[in-house]
Amino acid sequence: MPKFITFEGIEGCGKTTQLKLLANHLREKGYSVYETREPGGTLIGDQIRKILLNPENKNICSIAELFLYEACRAQLIKELRVGSRESGVRGNDKEFILCDRFIDSTIAYQGYGRGIDTEIIEGLNMIASNDIKPDITILLDMDVKTGLARARGRNINVNVLQSNLSESRFEEETLDFHEKVREGFLKIASEEPDRVKVVDATKGIEKIQKEIIRIVEMEQKKIAV
Ligand code: TYD
């Protein structure tokens, strides 16, 4: 069965870069790796992603938003067949699956950020993910102001280059919202220290990468194959 590693953190924490670097590192070591992300990762999920991130949809109600994230997840897990022993299906014939955001983002954003009861979200997460938990979760932690400044710079660049749909609906939320999201992530990490590893995201790309590789190598020994 593939080892399932997720990357989490606030906007602009650099998780997408670090996911790529880890994927490259693992491939160089000869492992097969499947990269995916939430929301998205499937044809249906990518369509739902557009609804979720479109700034024009700022009136979406929290519950509708929650269900859309869970819908994305259900589709992703169904298509990946993580946890099934079937071979030859997406993701499952790989040794590693790396996912940019997963269940913890829903607890942090919809639970701590939006204020939806986290027990309800845990139940929905369980249904959508078929009760699959990551083997390792890398939480890239940094202060909210720095993260948002980075994320805003990134979106401006993307928009200038591609005159694309701005993916900034969450980046337009208040500082207070993002503080709650960060607190949520840290709370999850304190409750599940075996799975969730907190990495200081302010350290510089190479140092962070080394730390993530060290964590994965250490944890790999503990993960049942
Ligand atoms: P994305 O552009 O992928 O942002 P990032 O690069 O920061 O991951 O957008 C994903 C957004 O969706 C991000 O703001 C976090 C949010 N999100 C939730 O609110 N709940 C969730 O369950 C997930 C997976 C993401």
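Remember, predicted model here, so these are calculated numbers, not experimental data. (Residues numbered from 1 in each chain as written. Predicted model: local features only at pLDDT ≥ 70, side-chain atom pairs only at ≥ 80, totals over all residues. Heavy atoms only, no water.)

**Student:** Quick question: what am I supposed to make of helix α8 (residues 205-220) here?
**Tutor:** Owing to its 3.6 residues per turn, the α-helix brings residues three or four apart onto one side. Compared with an ideal rise of 1.5 Å per residue, which puts 16 residues at 22 Å, α8 spans 22 Å between its outermost C-alpha atoms and is within 8% of the ideal. By the burial criterion, the buried members of α8 are Ile-208, Gln-209, Glu-211, Ile-212, Ile-213, Ile-215, Val-216, Glu-219 and Gln-220. Turning to α8, the residues buried within the fold contact β1 (3-9), α1 (15-28), β3 (96-100), β4 (136-141) and β5 (196-200). (Helix = DSSP H or I, 4+ residues; strand = E, 2+ residues; numbered from the N terminus. Expected span 1.5 Å × (residues − 1). Buried < 20%, exposed > 50% of the residue type's maximum accessible area, 1.4 Å probe, protein only. Contact = heavy atoms within 4.5 Å.)

**Student:** What is the right way to look at the site of the ligand in this model?
**Tutor:** Around the ligand sit 16 residues in total, of which Glu-11, Lys-15, Arg-101, Thr-106 and Gln-110 are the nearest. Here an oxygen atom of the ligand sits 2.6 Å away from a polar atom, N or O, in the side chain of Thr-106. Look at the ligand: alone it shows 540 Å² of surface, and the protein chains cover 94% of it. Residue assignment for the shell around the ligand shows that the elements contributing at least two residues are α2 (43-53), α3 (62-80) and α4 (103-113). Ranked by residues supplied to the shell around the ligand, first place goes to α4 with four residues. The residue inventory of the shell around the ligand, partitioned by class, reads five nonpolar, three polar and eight charged. (Near = heavy atom within 4 Å. Polar contact = N/O pair within 3.5 Å; in protein donor to acceptor, adjacent residues only side chain to side chain. Areas by Shrake-Rupley, 256 points an atom, 1.4 Å probe, with all protein chains shown as cover. Nonpolar A, V, L, I, M, F, W, Y, C, P; charged D, E, K, R; others polar.)

**Student:** Where do I start with the packing of aromatic side chains in this structure?
**Tutor:** Note on aromatic pairs: each is described by the distance of the centres and the angle between the planes. In total, this model carries four aromatic pairs according to the counting rule given. Note on Phe-4 and Phe-102: the rings are 5.0 Å apart at their centroids and 80° apart in plane angle, and the pair reads as edge-to-face. Taken together, the residues Phe-4 in strand β1 and Phe-102 in the loop between β3 and α4 connect sequence positions 98 residues apart. With a centroid separation of 6.2 Å and 80° between ring planes, the pair formed by Tyr-109 and Phe-185 is classed as edge-to-face. Of this pair, Tyr-109 sits in helix α4 while Phe-185 is found in helix α7 (residues 175-191), placing the two residues 76 residues apart along the sequence. (Phe/Tyr/Trp six-rings, centres within 6.5 Å; stacked < 30°, edge-to-face > 60°.)

**Student:** Would you take a moment to explain the confidence of the model for the protein chain for this structure?
**Tutor:** When pLDDT drops low, the exact placement of atoms in the prediction is not to be read closely. In the predicted model, the protein chain carries a mean pLDDT of 90, and the fraction of residues at 70 or more is 88%. The model gives residues 160-166 a pLDDT under 50, and that stretch makes eight contacts with residues more than four places away or in other chains. (pLDDT = per-residue confidence, 0-100.)

**Student:** Explain unusual backbone geometry here, please?
**Tutor:** Apart from glycine, the bulk of residues carry a negative phi angle, and the bulk of peptide bonds sit in the trans form. At the junction of Glu-38 and Pro-39, the peptide bond is cis and its omega measures out at -10° in the coordinates. Among the secondary structure elements, Pro-39 is positioned in the loop between β2 (33-37) and α2. In the Ramachandran plot, Arg-101 falls in the positive-phi region, its phi being about 75° despite a non-glycine side chain. Tracing the sequence through the fold places Arg-101 in the loop between β3 and α4.

**Student:** Would you explain the pairing of β3 in this entry?
**Tutor:** Along a regular strand, successive side chains alternate from one face of the sheet to the other. Of all five residues in β3, five are buried; the element is thus mostly enclosed. Burial along β3 is two-sided: Phe-96, Leu-98 and Asp-100 facing one way and Ile-97 and Cys-99 facing the other are all buried. Where β1 meets β3, five bridges bridge the pair, whose relative direction is parallel. Opposite Ile-5, over in β3, you have Leu-98 as the bridge partner. As judged from the five bridges shared by β2 and β3, these two strands associate in the parallel manner. Counted as the bridge partner of Val-33 is Phe-96 from β3. (Pairing = 2+ DSSP bridges.)

**Student:** How should the environment of Glu-211 be read in this particular structure?
**Tutor:** Topologically, Glu-211 is positioned in helix α8. As for Glu-211 and Val-199, which are separated by twelve residues in sequence, their C-alpha atoms are 7.6 Å apart. In this structure Glu-211 touches Val-198, Val-199 and Lys-203, once residues within four positions along its chain are discounted. In terms of polar contacts, Glu-211 uses its side chain to reach the side chain of Lys-203, at 3.0 Å.

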